[in-house]
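Summary of the model geometry
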Amino acid sequence: VQLQASGGGLVQAGGSQKLSCAASGRTLSNYVMGWFRQAPGKEREFVTAINWNGETTDYTDSVKGRFTVSRDNAKNAVYLAMNSLKPEDTAVYYCAASRRDRWDSRRQERVYAYWGQGTLVTVSS
């Protein structure tokens, strides 16, 4: 699976941004999809994940209520809608794909076999 993340950019605090992750090579319906982020000088961290059919999601506490993950398997794409952005949300955001039977380990980078190249989101104060 080849993943291409897009939609990053500069946004003011309190604003919104929507990231997209387009897949090619295989159908995404076979995969758990995750979003991770890496802020400057920090390790990459889990943000959110969505199961293969979109019925179940998981969010790290810091983005709950502000971020929404969704997917469109017909379009082979996953999305991350980010609202009420804060400067601490500034990071490179990565989408990743894991086998659909690895949902229990969704927060662990090691279970994601495929990664997009990342897209930078900068939130100004």
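Source: prediction; values computed, not measured. (Residues numbered from 1 in each chain as written. Predicted model: local features only at pLDDT ≥ 70, side-chain atom pairs only at ≥ 80, totals over all residues. Heavy atoms only, no water.)

Observations regarding the overall build of the chain
Counting its regular elements, the chain contains zero helices and 11 strands. Along the chain, helices (α) and strands (β) appear in the sequence β-β-β-β-β-β-β-β-β-β-β when read from the amino end. Against the globule reference of 14 Å for 125 residues, the chain gives a C-alpha radius of gyration of 13 Å, in line with a compact fold. Taken along the three principal axes of its C-alpha coordinates, the chain extends 40 × 25 × 25 Å. When each of the 125 residues of the chain is scored for burial, the buried share is 47%. Contacts in the chain between residues at least 24 apart in sequence constitute 59% of all its contacts with a sequence separation of at least 6. (Helix = DSSP H or I, 4+ residues; strand = E, 2+ residues; numbered from the N terminus. Rg over C-alpha atoms; globule rule 2.2 N^0.38 Å. Buried < 20%, exposed > 50% of the residue type's maximum accessible area, 1.4 Å probe, protein only. Contact = heavy atoms within 4.5 Å.)

Side note on the nonpolar core
The biggest cluster of nonpolar side chains holds 28 residues, and the ones touching the most others in it are Leu3, Met33, Trp35, Phe67 and Tyr93. At the level of elements, strand S1 (2-6), strand S3 (17-24), strand S4 (31-38), strand S5 (45-50), strand S7 (67-72), strand S8 (77-82), strand S9 (91-99) and strand S11 (119-124) are the ones that each hand at least two residues to this core. The greatest single-element share of this core, amounting to four residues, is contributed by S9. Residues in contact with methionine 33, not counting those within four places in the same chain, are Leu3, Cys21, Leu28, Thr48, Ala49, Ile50, Arg71, Val78, Ala96, Ala97 and Tyr112. (Core = buried A, V, L, I, M, F, W, Y, C linked by side-chain atoms within 4.5 Å.)

Remember, this is a structural readout, not a statement about activity or role.
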